[in-house]
Amino acid sequence: MKLLSAQNITYSINENKLFHNLSFEINAGEGLHIKGGNGSGKSTLLRIIMGITSPSKGLIETYDQDLNISYLGHKNAIKNYLSPLENLKLLFNDAELKIALKWLGKFGLLDVQDELTAGLSFGQQKKLALIRVFTKSSELIVLDEPLVGLDKTTAELFSGFLIQKLSEGVGLILTSHIDPMINCKVLNLGGKNAEAS
Amino acid sequence: MLRLVKAESFKLSKKLKSWLGPLLIMVLVLIAFPLSIDISQFDLDKFYFSIIIVSLLMTSFVATEGMFEEDFEDGSLEQEFLIEKDFYKLVLSKIFVYVCLIGIPIAFIGALFSFANGVAIGSFAKVFLLLSLSNLLLFNLFAFGNALSINKGAMLGVLSSLPLALPVIILLGTAVRSIQFGDGFAAIITLMIGVGLVMSAIMPLIISAALKTHID
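Residues numbered from 1 in each chain as written. Chains lettered and ligands numbered in written order. Predicted model: local features only at pLDDT ≥ 70, side-chain atom pairs only at ≥ 80, totals over all residues. Heavy atoms only, no water.

Novice: Outline the overall build of chain B, supporting the account with residue identities and numerical values.
Specialist: When helices and strands are counted, chain B shows ten helices and zero strands. Its helices and strands in sequence order give chain B the pattern α-α-α-α-α-α-α-α-α-α, from N to C terminus. Here the C-alpha coordinates of chain B stretch approximately 60 × 35 × 30 Å along the principal axes. In chain B, which comprises 216 residues, the share counted as buried stands at 50%. (Helix = DSSP H or I, 4+ residues; strand = E, 2+ residues; numbered from the N terminus. Buried < 20%, exposed > 50% of the residue type's maximum accessible area, 1.4 Å probe, protein only.)

What follows is the structure, encoded as structure tokens:
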């Protein structure tokens, strides 16, 4: 089942084309790893896919108008003046909160659940932000550099989670400079520091 | 909608500086201003309303300063966009919560101080209603200003929307005179309720569009 297709997507800043005529599709249970050097437009492409940013040309077509997307970008969308537990209560209903608390335990954050989030390390804050993606049921998961700041154990846990979600038929689009250790299509946007793929 | 109202209430209640600050400023100005001038109680009765109006303007200004900035900075606006596809409900909820948790207490303080300074007890409810409605209008206007310049320091946008608040001040002044002379108060309150309802319905649409432009 097709979830989303991109047709001839072009994005320009002033006269400079960041990327040009990109076309791809995402089906249920399929992953897309967007690669590229710094400034090649990976994050912008993700934002275009989600409808946050408008492309200069081209069309993003979702096959379900109410496609349920989980997204984690560069910004964690967590409140520093609240505790991790309060952040989760803000996001989830009672049933979801139970799942979220399990992840809080798996990530080793139970000890700090009542402390201010502002006092947590970057990695701990990232884990807290990831719980949103792990808990919410969605048809498409979109992640922008999700592995940055994560320790090896959490990164493995994270990869395992993504593999499980792919097997359940959830679509996945991610950008990452670190190998996410999952089997998925690759889209290379190039850029000055891009790796060959 | 209820989810947003609950979330915004919880967030604002946890930000002590954001809701207590404006209330303390209101109290401080209302106490400090009369103390700073040598004036008899009789004269104070005549223009104490003006002090209340200026304090109201100032506290509304301060209260709305960071209304959308935090959500913009931490990425919450993007998350909300993915859920609702626009910000209409978010803006509506925010303004509602800010008016309830800051605007109405400010109006109560204003009414209390006007009573303490010689306004008749019969006028207390009128003053409270008047100040509450004024806060609804001012919070809508300043929220718009806040949304306009969210990525350039929200205070700049709030300042730029200050001229829009002048008609509200003029209306408030007219309403105060009507309370003092006992004439035409109902007409002015009806006008303010009407403007408040229209503004509460339309302003979130405009603010939503401004916020979308900023995250684009």
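There's more to say after this.
Novice: Let's hear about the overall build of chain A: which residues, and what values?
Specialist: Of regular secondary structure, chain A possesses five helices and eight strands. Along its sequence from the N terminus, chain A presents helices and strands in the succession β-β-β-α-β-β-α-α-α-β-α-β-β. Taken over C-alpha atoms, the radius of gyration comes to 17 Å for chain A, in line with the 16 Å a tight globule of 197 residues would show. Viewed in the frame of its principal axes, chain A has a C-alpha envelope of about 50 × 35 × 30 Å. (Rg over C-alpha atoms; globule rule 2.2 N^0.38 Å.)

Novice: Which residues make up the pattern of salt bridges, and what values go with them?
Specialist: Throughout the structure, instances matching the rule amount to 19 salt bridges over all chains. Between aspartate 71 of chain B and lysine 79 of chain A there is a salt bridge, with the nearest N and O atoms lying 2.5 Å from each other. One end of the pair, aspartate 71 of chain B, is in helix 4 (residues 69-74); the other, lysine 79 of chain A, is in the loop between strand 5 (69-72) and helix 2 (84-91), on a second chain. The exposure classification of aspartate 71 of chain B matches that of lysine 79 of chain A, with both residues buried. One salt bridge in this structure joins glutamate 8 of chain B and lysine 11 of chain B, with 3.1 Å as the shortest N-O distance. Of this pair, glutamate 8 of chain B and lysine 11 of chain B are both found in helix 1 (residues 2-14), three residues apart, which corresponds to roughly one turn of the helix. (Salt bridge = Lys/Arg side-chain N within 4 Å of Asp/Glu carboxyl O.)

Novice: Which residues make up the packing of aromatic side chains, and what are the values?
Specialist: Summed over all chains, the structure comprises twelve aromatic pairs over all chains. Between phenylalanine 134 of chain A and phenylalanine 161 of chain A, the ring centres sit 3.9 Å apart and the planes meet at 15°, which makes this aromatic pair stacked. You can see phenylalanine 134 of chain A sitting in helix 4 (residues 122-135) and its partner phenylalanine 161 of chain A sitting in helix 5 (residues 152-167), a full 27 residues away along the chain. For the pair phenylalanine 134 of chain A and phenylalanine 161 of chain A, one class covers both residues: buried. Considering the side-chain rings of phenylalanine 81 of chain B and phenylalanine 87 of chain B, the 5.9 Å spacing of their centres and the 45° angle between planes classify their relative orientation as tilted. Comparing phenylalanine 81 of chain B with phenylalanine 87 of chain B shows no difference in burial state: the two are buried. Ring pairing ties together the aromatic residues Trp103, Phe107, Phe134, Phe158 and Phe161 of chain A, which thus form one cluster. Positioned over the ring face of tryptophan 103 of chain A is lysine 106 of chain A, at 4.5 Å from the centre of the ring. Above the face of the phenylalanine 185 of chain B ring, lysine 126 of chain B is positioned so that its terminal group lies 5.3 Å from the ring centre. (Phe/Tyr/Trp six-rings, centres within 6.5 Å; stacked < 30°, edge-to-face > 60°. Lys NZ or Arg CZ within 6 Å of the ring centre and 35° of its normal.)

Novice: Before we move on, could you go through the environment of serine 56 of chain A and cite the residues and values that matter?
Specialist: Residue and element names in this part refer to chain A. Summarising the element assignment, serine 56 is placed in the loop between helix 1 (42-49) and strand 4 (57-62). The spatial distance from the C-alpha of serine 56 to the C-alpha of isoleucine 13 is 8.8 Å, given a sequence separation of 43 residues. With near-sequence residues (within four places) excluded, serine 56 lies in contact with Thr10, Tyr11 and Ser12. Only 2.8 Å separates the side chain of serine 56 from the backbone nitrogen of serine 12, close enough to count as a polar contact. (Contact = heavy atoms within 4.5 Å. Polar contact = N/O pair within 3.5 Å; in protein donor to acceptor, adjacent residues only side chain to side chain.)

Novice: Explain the side chain of glutamate 8 of chain B to me, and be specific about the residues and the numbers.
Specialist: Judged by relative accessible area, glutamate 8 of chain B falls into the buried class, the value being 5%. Excluding anything up to four places from it in sequence, glutamate 8 of chain B contacts Asp71, Leu90, Ser93, Lys94 and Val97 of chain B.

Novice: Please give an account of the packing of helix 9 (residues 166-181) of chain B against helix 10 (residues 185-215) of chain B that cites residues and values.
Specialist: Residues and elements named next belong to chain B. Helix 10 packs onto helix 9 with a crossing angle of 155° between their chain directions and a minimal axis gap of 9 Å. If you check the angle between helix 9 and helix 10, you find them roughly antiparallel. Here the hand of the crossing between helix 9 and helix 10 comes out left-handed. Seen from helix 9, the contacting residues are Leu171, Thr174, Ala175, Ser178 and Ile179; seen from helix 10, they are Phe185, Ile188, Leu191 and Met192. (Axes fitted to C-alpha atoms, helices over the stretch in contact; angles between N-to-C directions. Parallel < 35°, antiparallel > 145°, perpendicular 65-115°, else oblique. Left-handed = near helix turned anticlockwise from the far one by under 90°.)

Novice: Requested: an account of the sheet that holds strand 1 (residues 2-13) of chain A, with residues and values cited.
Specialist: Residue and element names in this part refer to chain A. Taking strand neighbours across the sheet as the criterion, the three strands line up as 2-1-4 in an open arrangement whose pairing is antiparallel. Of all the strands in the sheet, the pair left with one neighbour each is strand 2 (16-27) and strand 4. Strand-to-strand twist in this sheet, taken as the mean axis angle between neighbours without regard to direction, amounts to 10°. Looking at chain direction, strand 1 and strand 2 are connected through eight bridges and run antiparallel. Counterpart to serine 12 in the pairing with strand 2 is lysine 17. (Pairing = 2+ DSSP bridges.)

Novice: Help me get a handle on the environment of threonine 174 of chain B, residues and values and all.
Specialist: Residue and element names in this part refer to chain B. Tracing the chain through its elements places threonine 174 in helix 9. Given the relative accessible area of 30%, threonine 174 is considered partly exposed. In this structure the C-alpha to C-alpha distance between threonine 174 and glutamate 8, which are 166 residues apart in sequence, comes to 34 Å.

Novice: Explain the nonpolar core to me, and be specific about the residues and the numbers.
Specialist: Formed by 90 residues in total, the largest nonpolar core has its most connected members in Ile34, Leu45 and Leu140 of chain A together with Phe68, Leu130, Ile207 and Leu211 of chain B. Here this core takes 13 residues from helix 7 (residues 124-148) of chain B, the largest share from any one element. Counting residues in each nonpolar core, the second largest holds 32 residues, with Val112, Leu143, Leu147 and Ile182 of chain A among its members. (Core = buried A, V, L, I, M, F, W, Y, C linked by side-chain atoms within 4.5 Å.)

Read these as spatial facts, not as claims about activity.
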